[in-house]
Amino acid sequence: MSISYDLKPVGVAAAADSLTARPSLVGKSREELGTALQAVGVPERQVRMRVSQLWHWLYVRGVSSFADMANISADLREKLAAHFSVARPEIVTGQISADGTRKWLLRFPPRGAGRPVEVETVYIPEEGRGTLCISSQVGCTLTCSFCHTGTQRLVRNLTAEEILAQLLVARDCLGDFPGKDTPAGAIVPEEGRKISNIVMMGMGEPLYNFDAVKQALLIASDGEGLSLSKRRITLSTSGIVPEIYRAGEEIGVMLAISLHAVSNPLRDMLVPINKKYPLEELMEACRQYPGLSNARRITFEYVMLKDVNDSVEDARKLVALLKGIPAKINLIPFNPWPGSNYQCSDWEQIERFADIVNKAGYASPVRTPRGRDILAACGQLKSQSERLRKTERQALEKECA
Ligand code: SAH
Ligand code: SF4
């Protein structure tokens, strides 16, 4: 059984602010913040110091209002508030699964002539750690046949602000930020945080929104702010080969590959982007991913689909395919969704498969499904935001011309 709780009172206040269309300072690089400050008249010699102060308030203290930035003068706070926003998005709903998994539906204001969009973010508490699963796009351009998100066309990419906002909202709700009245310096220590890890495994293909994902992850791992170690951030991709190389060089977080099949014909069907970037090219990009070692492995995700990819032969081929790559294997029992055409492999078959993988030296590879009762498990996320029909878009464009 799951619990739904209504967060409208908080949400409405945040929405009122975020819909004022003032640009947000969340998700901006230090340089961009400097430019924004200069635009409201902060003298050049003060910019560095003011940027540091803002960074601290936004990412160490987690405030969502200029009024709470105590060491910034009232005059500047007012100016900033007149031009910019640091408000959170609206929380439309929050749900808690029987197993403690939480899911939030967040609403972001429209960009240009678009509509507001809704995105799901999931928190998974585990023994000794807590993982936040973040979305990078609303919908997905790819159409992996077992994935619910894949049935929703791409509405749009999320901005760096919107990607980071998912982390900020979750930290608010879980108490991972010190309250605004806590004395300076009293931050929530790393070991006391509810969110110790983040995974880009929500809605969308993160490498098809490279720049925003990069900017958000560099801010999340910034040592003077949110301070999440890059070893605790994992980016999951269906295998966009050129961007895997770029991610290694420019982002440097841990990599997960949605493999799901060990031959090209089957992978072409399950993960159609394989037709563009076949297994040989994908494996080569993995081999070349920088910084790999036994302590820093690539995770290979493999969804267990009954009678499709779950034979003993498949397991053996999987082990052979990954030979020489420092790898972890994650077998994901298929999570059904309304209208899906697959079944999850039988438990005995998953065990047989896992046994072969275990014997090859990969420990505990089966991922326990979490939050299935609130449709929060891998591949179950899908929002109601749909792409505008062409006629609606044209009508809107006319209105805005
Ligand atoms: N688009 C990225 C990240 C999001 S999906 C990617 O594809 O890697 C996160 C993981 O869940 C991926 O490995 C994806 O293939 C898997 N997944 C998708 N639908 C699933 C389902 N119904 N059951 C189990 N896993 C699923
Ligand atoms: Fe998109 Fe990933 Fe789902 Fe494939 S598995 S459709 S890439 S979200």
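Keep in mind that what you see is a predicted model, and the values were worked out from it rather than measured. (Residues numbered from 1 in each chain as written. Chains lettered and ligands numbered in written order. Predicted model: local features only at pLDDT ≥ 70, side-chain atom pairs only at ≥ 80, totals over all residues. Heavy atoms only, no water.)

## Some remarks on the packing of aromatic side chains
Quick note on the threshold: When the centres of two rings from Phe, Tyr and Trp lie within 6.5 Å, Trp using its six-membered ring, the rings pair. Their planes under 30 degrees apart give stacked, over 60 give edge-to-face, and anything left gives tilted. Secondary structure elements follow DSSP: runs of H or I of four or more residues count as helices, runs of E of two or more count as strands, with numbering from the N terminus. To sort residues, take the accessible area from a 1.4 Å probe on protein chains only and compare it with the maximum for the residue type: under 20% means buried, over 50% means exposed, and anything in between is partly exposed.
Across all of its chains, the model carries three aromatic pairs by this definition. When the centroid spacing of 5.0 Å and the interplanar angle of 75° are considered together, the rings of Trp55 and Tyr59 count as edge-to-face. Of this pair, Trp55 and Tyr59 both sit in helix H3 (residues 44–61), four residues apart, which is roughly one turn of that helix. Considering the side-chain rings of Tyr302 and Phe353, the 5.2 Å spacing of their centres and the 35° angle between planes classify their relative orientation as tilted. Residue Tyr302 is found in strand S11 (residues 298–304), and its partner Phe353 is found in helix H11 (residues 347–359); the two are separated by 51 residues along the sequence. Exposure remark for Tyr302: the relative accessible area of 1% places this residue in the buried category.

## Let's talk about the UniProt feature "binding site: [4Fe-4S] cluster" (unreviewed entry) in the protein chain
Stated precisely, the cut-off is as follows: UniProt positions are given in the numbering used here, feature names are shortened, and annotations may be inferred rather than shown by experiment. When checking whether two residues touch, look at their non-hydrogen atoms; a contact exists if any pair is within 4.5 Å.
When the UniProt feature table is mapped onto this chain numbering, "binding site: [4Fe-4S] cluster" (unreviewed entry) sits at Cys140, Cys144 and Cys147. Position of Cys144 among the secondary structure elements: in the loop between strand S6 (137–138) and strand S7 (156–157). For Cys144, a relative accessible area of 15% puts it in the buried group. Cys144 has contacts with Leu270, Val271 and Pro272, leaving out every residue within four places of it along the chain. Its location among the elements puts Cys147 in the loop between S6 and S7.

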